[in-house]
Amino acid sequence: MEGGGQHPAPAAPPGQPQGERLQLLLRRSREAKNCAYCPYSRFPVGAALLTAGGEIFSGCNVENACYSLGVCAERTAIQKAISEGHTSFRAMAITSDLGDSFIVPCGACRQVMREFGTDWDIYLTKADGTYIIKRLEELLPLSFGPEDLKKV
Ligand code: THU
C-alpha cells in the first residue's frame, strides 16, 4: 500500500499530516513530478508543501539551457506558497523516479526550507511510494536562520 512501507502505522505526532491528507500530499508531489521540465538532467522531481492552514502548494524542477538557472522542485513549491501569502509550513513531500533510494533535497533547498523554521517534516519517497520522514533539523543541523541575524 502506498506510504506503508517504511513508516510504522502508530499515531503520528501532532502536526504531521495523517490519513487522506497525507495521501493527498504524496499524490500532489507525484503529480507535480509529471510536470517537471528537465530536458537536460532527465531527472524529474516533484514536491508538495503543506501549509499550517492546510493548503497544498506543489512544484517541479524547472531547468534551463543556461544550466545554472535551473530551479529544484522544492524551491518552486516554496516560492509558489510564499508568493500567495503562506509562510508557515507543516510538511513537504518530495518524489522522484529513484527506485532504490529515497530522494533527498539538495543543500540549497534545505537552507531555503530552513528560512521558514526548523520544526517541520520532510517526507522523502521512493518511486514505489514508500517514504521516510525527516525533521528539517535533521536534514540541516546547526543551521543558520533569520533569528541569527538578530543576535548581533
Ligand atoms: N532536483 C530537485 O528538483 N530536487 C532534488 O531534491 C534534487 C535535485 C533537480 C535539480 C535538477 O533539475 C535535477 O533534479 C538534477 O539534479
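Residues numbered from 1 in each chain as written. Predicted model: local features only at pLDDT ≥ 70, side-chain atom pairs only at ≥ 80, totals over all residues. Heavy atoms only, no water.

Under the annotation held in an unreviewed UniProt entry, the protein carries the name Cytidine deaminase and is attributed to Athene cunicularia. For the record of the protein, the UniProt heading Cofactor (unreviewed entry) holds the text "Zn(2+)". Per UniProt, the protein has the following entry under Sequence similarities (unreviewed entry): "Belongs to the cytidine and deoxycytidylate deaminase family." (UniProt positions renumbered as here; feature names shortened; annotations may be inferred.)

Caption draft 1: Representation of the sheet that holds strand E1 (residues 45-51). If you trace the five strands from one edge of the open sheet to the other, you get E2-E1-E3-E4-E5, paired in mixed fashion. The open sheet has two edge strands with one neighbour each: strand E2 (56-60) and strand E5 (131-135). The average angle at which neighbouring strand axes cross in this sheet is 20 degrees, direction not considered. Across the face of the sheet, helix H1 (residues 19-33) comes into contact with E1, E2, strand E3 (89-96), strand E4 (121-125) and E5 while running at roughly 145 degrees to E1. (Pairing = 2+ DSSP bridges. Helix = DSSP H or I, 4+ residues; strand = E, 2+ residues; numbered from the N terminus. Axes fitted to C-alpha atoms, helices over the stretch in contact; angles between N-to-C directions. Contact = heavy atoms within 4.5 Å.)

Caption draft 2: Region of interest: the side chain of Lys-33. You can see Lys-33 is positioned in helix H1. Using a relative accessible area of 14% as the deciding quantity, one classes Lys-33 as buried. A polar side-chain atom of Lys-33 sits 2.7 Å from a polar atom in the side chain of Asp-97. Not counting residues up to four positions away in its chain, the partners in contact with Lys-33 are Pro-44, Val-45, Gly-46, Thr-95, Ser-96 and Asp-97. (Buried < 20%, exposed > 50% of the residue type's maximum accessible area, 1.4 Å probe, protein only. Polar contact = N/O pair within 3.5 Å; in protein donor to acceptor, adjacent residues only side chain to side chain.)

Caption draft 3: Examining helix H3 (residues 107-114) more closely. Where H3 is concerned, the buried positions are Cys-109, Arg-110, Met-113 and Arg-114. Taken down its axis, H3 places every buried residue within 140 degrees of arc, on the same side. (Arc of directions from axis to C-beta.)

Caption draft 4: Spotlight on the pattern of salt bridges. According to the stated counting rule, one finds six salt bridges in the structure shown. Between Lys-151 and Asp-148 there is a salt bridge, and its shortest N-O distance comes to 2.7 Å. (Salt bridge = Lys/Arg side-chain N within 4 Å of Asp/Glu carboxyl O.)

Caption draft 5: Region of interest: unusual backbone geometry. A positive phi is found at Arg-42, a non-glycine position, where the angle reads about 50 degrees. In this fold, Arg-42 is placed in the loop between H1 and E1.

Caption draft 6: The site of the ligand, seen in detail. Lining the immediate surroundings of the ligand are Ser-41, Phe-43, Val-45, Asn-61, Glu-63, Cys-72, Ala-73, Glu-74, Val-104 and Pro-105. Between the ligand and Ala-73, the relevant distance is 2.9 Å, taken from an oxygen atom to a main-chain nitrogen or oxygen of the residue. A distance of 3.1 Å separates an oxygen atom of the ligand from a polar atom in the backbone of Val-104. Residue composition of the shell around the ligand, by class: six nonpolar, two polar and two charged. (Near = heavy atom within 4 Å. Nonpolar A, V, L, I, M, F, W, Y, C, P; charged D, E, K, R; others polar.)

Caption draft 7: Layout of the pairing of E5. The pairing of E4 with E5 spans five bridges and is antiparallel. Each bridged residue has a counterpart across the sheet, and for Ile-122 the counterpart in E5 is Lys-134. Here E4 folds back onto E5, and the loop between the two strands holds five residues, one of which, Gly-129, carries a positive phi near 95 degrees.

Caption draft 8: Highlighting the UniProt feature "active site" (unreviewed entry) in the protein. Per the UniProt record, "active site" (unreviewed entry) is found at Glu-74. Checked against the element boundaries, Glu-74 lands in helix H2 (residues 73-82). Look at Glu-74 and you get buried, because its relative accessible area is 4%. Apart from the residues within four sequence positions on either side, Glu-74 is in contact with Val-45, Ala-47, Met-92, Ile-94, Pro-105, Cys-109 and Met-113.

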